Every structure is written in structure tokens, then in C-alpha cells.
Amino acid sequence: MRGVIQFVQILFALIQLQVELRRHGFQNVFPKYLNRYKKCKPIKIEQNHIDRMVHLLRTIDKACALVPFKAECLHRSFLGFRFIRTKCSIPVDLVVGVKKFPFSAHAWLVFNDKNVNEDEEYTKQFIVILSSKGLK
């Protein structure tokens, strides 16, 4: 039952995020998320925290696959930033990078200089242009 409740919470948060992004744009939503979810009580990270984080990321992926709009890396990273910090107390950072040719942009999460929700080899092709770590 707890898993179902968490899934519904993530699904509603995803829909709310999509509405905020459409209404206010990334430039307004990003700082709002940082301010709202940057506080993360310091704890000693143990295996159960990592397991919970992995479970949250899988649940976020499932929710993103079910919505009738395109919910990709930005949505997954925003939700991961929010829920991992609030539910697991792991101070992940949200990172946005760009690739010049062919142009593309990507968002992912980082903890202790390691990617949390994306393959390191994939994100190496992007130049980081924005990180929550530098904006706190």
C-alpha cells in the first residue's frame, strides 16, 4: 500500500510540475525548486538510503511513462531532486548540460560527483551549464 501511495504522490507531483513549467517556464521553476527542496538534513548515508533512492527513481520512471505528455529527463530530474532530498535525505544535485553538435540538452542528478539517474558515459558529451550545487 505504501508503494501505491508514493506512486500517486509522484504522479501528482509530475502533473503539478508540468503545469508549472508550462505556465511559468524553466527559468522560474528551477529557482523555486531549489529554494523549496534544497534543505536536506545531514545524515550518514547507508545502504538503506541508497536502496530507497533507487526505488524512488524507478517509481519516477514509471510515473513519467504513464502520463499523456512527454515527461523526460527534465521531469525525472526535478522529481528526483525533490523526492530524494525529502524522502531519503540524500543531497543530490540537479545538473543541466548542453551538447553543441548536434544540439541537445539534458538534465540529470549527481551525488558525490557521480551520476545518480544517468550513465556517466552518456553525460560526458554534455557541457554543464547549470547546477543546483553552485546556486545554493
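What counts and what doesn't
Here the residue numbering is sequential within each chain, running from 1 through the sequence in written order. Reporting in this predicted model follows two pLDDT cut-offs: at least 70 for local features of residues, and 80 or more for side-chain atom pairs to be given and counted; totals over whole chains, interfaces and linings ignore these cut-offs and use all residues. Hydrogens and water are ignored here; the side-chain numbers use all heavy atoms of the structure. By definition, any uninterrupted DSSP run of H or I lasting at least four residues is a helix, any uninterrupted run of E lasting at least two residues is a strand, and each is numbered from the N terminus. Buried means the residue's accessible area, taken with a 1.4 Å probe over protein chains only, is under 20% of the maximum for its type, while exposed means over 50%, and partly exposed covers the values in between. DSSP calls a pair of strands paired once it identifies at least 2 bridges connecting them. In this description, contact between two residues means that some pair of their heavy atoms is separated by no more than 4.5 Å. Axis definition: a line fit to C-alpha positions, over the contact stretch in the case of helices; interaxial angles, taken between N-to-C directions, run 0 to 180 degrees. Each angle gets one of four labels, with under 35 degrees taken as roughly parallel, over 145 as roughly antiparallel, 65 to 115 as roughly perpendicular, and the rest as oblique. In this analysis, the expected span of each helix is defined as 1.5 Å times one less than the number of residues it contains. By construction, the arc corresponds to the directions joining the helix axis to the C-beta atoms.

**Q** Go over the side chain of His49, please, and point to the residues and values.
**A** The topology assignment puts His49 in helix H3 (residues 47–66). The class of His49 is buried, set by a relative accessible area of 18%.

**Q** Pulling in residues and values, what's your account of the sheet that holds strand S3 (residues 114–115)?
**A** In a beta sheet, neighbouring strands are held together by backbone hydrogen bonds and run either parallel or antiparallel to one another. Spatial strand order, S3-S2-S1-S4: 4 strands in an open sheet with antiparallel pairing. Taken across any chain shown, the strands that pair with only one partner, and hence form the sheet edges, are S3 and strand S4 (127–131). Strands strand S1 (93–99) and strand S2 (104–111) of the sheet are contacted by helix H4 (residues 73–88), whose axis makes an angle of about 15° with S2.

**Q** Kindly report on the packing of helix H1 (residues 2–24) against helix H2 (residues 26–37), identifying the contributing residues and their values.
**A** Two numbers describe how H1 lies on H2: the axes approach to 7 Å, and their chain directions differ by 130°. In this view, H1 runs oblique relative to H2, as classed from their interaxial angle. Two secondary-structure elements touch here, H1 through Leu17, Glu20, Leu21 and His24 and H2 through Phe26, Gln27, Asn28, Val29, Lys32 and Tyr33.

**Q** Summarise H2; cite the residues concerned and give the values.
**A** Compared with the 16 Å implied by 1.5 Å per residue over 12 residues, the 16 Å span of H2 between its first and last C-alpha is a close match. Listed as buried for H2 are Val29, Phe30, Tyr33, Leu34 and Tyr37. Summarising the axial view, the buried residues of H2 lie within an arc of 135°, below the 170-degree limit, and thus occupy one face. Within H2, the exposed residues directed more than 90 degrees away from the buried face are Gln27 and Asn35. Residues of H2 that are buried sit in contact with H1, H4, S1 and S4.

**Q** Report on the pairing of S1, specifying residues and quantitative values.
**A** Among the 7 residues in S1, 7 count as buried, and that is most of the element. Neither face of S1 is left uncovered, since the one carrying Asp93, Val95, Gly97 and Lys99 and the one carrying Leu94, Val96 and Val98 both have all their residues buried. Of the pairings in the sheet, the one linking S1 to S2 comprises 7 bridges and is antiparallel in character. The partner of Asp93 across the bridge, within S2, is Val110. The antiparallel pairing of S1 with S2 creates a hairpin that spans 4 residues between the two strands.

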